[in-house]
Amino acid sequence: MIQRNDPCPCGSGRKYKRCCIAKNEVSIDTLVEEELQRILAGMYEQPITPAVHAEYEIFHREWTTKLNGFWDAKEIEYAVSEYFFYVARQDLWKRYLIKVLNDPIRSAVRSVVKTWQEPIILLGNITGEENGLVAIEEVLGDETYYLEKQPDMPVEKDSVVFGVALRDERNQKNGIFIINSLLFVKDGNHSLANEISTLAESSGFGNRIDFYKAHMIDIYHNILSKSEGSVVDLLKGELTDIQQEAVDIFYERLEFLKIEADHPELMGNIIVTYLYEKQPNFKKPEVIAAAFLHALLEFNMFGDYSMTQSELSKLFDVSVSSVTNQSGKIQEFIVEMGKNIGRIAQDA
């Protein structure tokens, strides 16, 4: 092993501490970082029992149903996996870490991994940035955590940060290590943070981990609805006047019938996206509005509620044949739109 005062092996004639030690230290840091990333990846490569897999699938269906209008399948998969292994089933994560710590690993890696026993569910407000570190004060606690700012990270003061992280105090006390990604959303008036605090207070849970186990998906939904906006919000301005009239008629009839969709965000996503992408040809907005209701009833989007074709045509004052024709096209689009619609129908 080269000592600090030994001649540098590069042949410069200078002492090692005055020459290449900094380069080697950077290399060691890089190796430690790569090993930590391999350890994280290894968690997902562990064999799991059929019972654990079945439990995961229950969460996956629930999260897909609720977040489908905001995220694609891959993003949802990341979020569900983090929730499952680091929140709902922390025992699996801790069991895996015992195996890791029993293997021969670098001392620098070991010191970090030892602090990973208790994952951090980070819900906090950004209070500032200094020396490349972003300060994040907990919304439901008293800790302040420090996150190393990455290029293109959307860091703004008074923004809410949410996600799962691990401790990493190599450079800063209360430093954090990002597992996959964090959500950032501007919250200038603190309305979002206040909503989540109110939810936590009214939940009746004695500790935060139990609250997050029960409501983490609700927090994601709340943040995503404020940060990204749904497909409905993004495309509404692109509809023609007659298309918008059809949408208005559809919702007016739902109100008249006093029925609500089991998954309103997904329903709105289907309606607006279909009109925008397929540009269906119709002269009477009542026809397409009735066709949407018929198609969505076919997919059990309103629970046990049912309606005959004659009742539906009478409600919208249109012919059965015109509704059936348009409804068939909408149903084909729904099948195209996502693999998860069939799961929703089965769960309804």
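For clarity, every value in this text was computed on a predicted model and none was experimentally measured.

Visitor: Which residues make up the packing of helix 10 (residues 264–278) against helix 13 (residues 320–337), and what are the values?
Guide: Between helix 10 and helix 13, the least distance of the axes is 11 Å, while the angle of their chain directions is 105 degrees. One element, helix 10, and the other, helix 13, form an angle in the roughly perpendicular class. Contacts from N269, I270, T273, Y274, E277 and K278 of helix 10 reach helix 13 at Q326, K329, I330, F333, I334, E336 and M337. When grouped by side-chain class, the residues that make up the contact of helix 10 with helix 13 number six nonpolar, three polar and four charged.

Visitor: Describe helix 4 (residues 90–102), naming the residues involved and giving the relevant values.
Guide: Taking 1.5 Å of rise per residue, 13 residues should cover 18 Å, and helix 4 covers 19 Å from first to last C-alpha, within 8% of that figure. Along helix 4, the residues classified as buried are Q90, L92, W93, Y96, L97, V100 and L101. Along the axis of helix 4, the buried positions cluster into a sector of 170 degrees, meaning they face one direction only.

Visitor: Just give me the short version of the pairing of strand 4 (residues 159–167), but keep the residues and values in it.
Guide: By the criterion of burial, strand 4 is predominantly enclosed, with eight of the nine residues buried. Of the strand pairs in this sheet, strand 1 (residues 120–130) and strand 4 are connected by six bridges, and their pairing is antiparallel. Among the inter-strand pairings, N125 is bridged to a residue of strand 4, identified as V160. As judged from the three bridges shared by strand 4 and strand 5 (residues 176–178), these two strands associate in the antiparallel manner. Across the sheet, L166 pairs through a bridge with F177, a residue of strand 5.

Visitor: So what about the nonpolar core? Which residues, and what values?
Guide: With 55 residues, the main nonpolar core has W63, W93, V113, W116, F162, M216 and Y220 as its most contacted residues. A per-element tally of this core places helix 3 (residues 73–88) first, with nine residues. Setting aside its immediate chain neighbours within four residues, W93 contacts L40, M43, F85, Y86, W116, Q117, P119 and L166. Formed by 39 residues, the second largest nonpolar core is a distinct cluster that contains L239, I259, L275 and L315.

Visitor: Account for the packing of helix 9 (residues 241–257) against helix 11 (residues 285–298), naming residues and giving values.
Guide: In the contact formed by helix 9 and helix 11, the axes pass within 8 Å of each other and the chain directions differ by 55 degrees. Classified by the interaxial angle, the pair formed by helix 9 and helix 11 is oblique. Crossing of helix 9 against helix 11: the hand is right-handed. Between helix 9 and helix 11, the contacting residues are I242, E245, A246, I249, F250, R253, L254 and L257 on the first element and P285, E286, I288, A289, F292, L293 and L296 on the second. In terms of residue class, the contact of helix 9 with helix 11 is built from twelve nonpolar, no polar and three charged.

Visitor: Could you give an account of helix 9, with specific residues and numbers?
Guide: Spacing of three or four residues puts side chains on the same side of an α-helix, whose turn is 3.6 residues. Under the 1.5 Å per step criterion, the end-to-end length of helix 9 is 24 Å for 17 residues, consistent within 8% with the ideal 24 Å. Taken together, the buried positions of helix 9 are occupied by Q243, A246, V247, I249, F250, R253, L254 and L257. Taken down its axis, helix 9 places every buried residue within 160 degrees of arc, on the same side. Residues of helix 9 that are exposed and angled more than 90 degrees away from the buried face: D241, E255 and F256. In this structure, the buried residues of helix 9 make contact with helix 10, helix 11 and helix 12 (309–316). Two residues or fewer after helix 9 comes K258, characterised by a positive phi angle close to 60 degrees.

Visitor: A description of the environment of R167 should follow, citing residues and the corresponding values.
Guide: With respect to the secondary-structure elements, R167 resides in strand 4. The sequence separation of R167 and T115 amounts to 52 residues, and the corresponding C-alpha distance is 5.9 Å. Sequence-distant contacts of R167, that is, excluding residues within four places in its chain, are made with V112, T115, W116, I120, Y145, N174, G175, I176 and F177. Separated by 3.2 Å, the side chains of R167 and N174 make a polar contact.

Visitor: So what's going on with the packing of aromatic side chains? Which residues, and what values?
Guide: Summed over the entire model, instances satisfying the criterion amount to 19 aromatic pairs. Both rings, one in Y274 and one in F333, keep their centres 5.3 Å apart while their planes meet at 65 degrees; by these two values the pair is edge-to-face. Within this pair, whereas Y274 is found in helix 10, its partner F333 is found in helix 13, the two being separated by 59 residues in sequence. The residues Y274 and F333 share a single accessibility class, namely buried. Following the ring pairs from residue to residue traces out a cluster consisting of Y44, Y56, F59, W63, W71, Y83, F84, F85, F162, F211, Y212 and Y220.

Visitor: Lay out the side chain of E35 in plain terms, naming residues and giving numbers.
Guide: If you trace the backbone, E35 turns up in helix 1 (residues 21–43). Contacts of E35, omitting those with residues within four sequence positions, involve I105, R106 and V109.

Analysis parameters
Residues numbered from 1 in each chain as written. Predicted model: local features only at pLDDT ≥ 70, side-chain atom pairs only at ≥ 80, totals over all residues. Heavy atoms only, no water. Axes fitted to C-alpha atoms, helices over the stretch in contact; angles between N-to-C directions. Helix = DSSP H or I, 4+ residues; strand = E, 2+ residues; numbered from the N terminus. Parallel < 35°, antiparallel > 145°, perpendicular 65-115°, else oblique. Contact = heavy atoms within 4.5 Å. Nonpolar A, V, L, I, M, F, W, Y, C, P; charged D, E, K, R; others polar. Expected span 1.5 Å × (residues − 1). Buried < 20%, exposed > 50% of the residue type's maximum accessible area, 1.4 Å probe, protein only. Arc of directions from axis to C-beta. Pairing = 2+ DSSP bridges. Core = buried A, V, L, I, M, F, W, Y, C linked by side-chain atoms within 4.5 Å. Left-handed = near helix turned anticlockwise from the far one by under 90°. Polar contact = N/O pair within 3.5 Å; in protein donor to acceptor, adjacent residues only side chain to side chain. Phe/Tyr/Trp six-rings, centres within 6.5 Å; stacked < 30°, edge-to-face > 60°.

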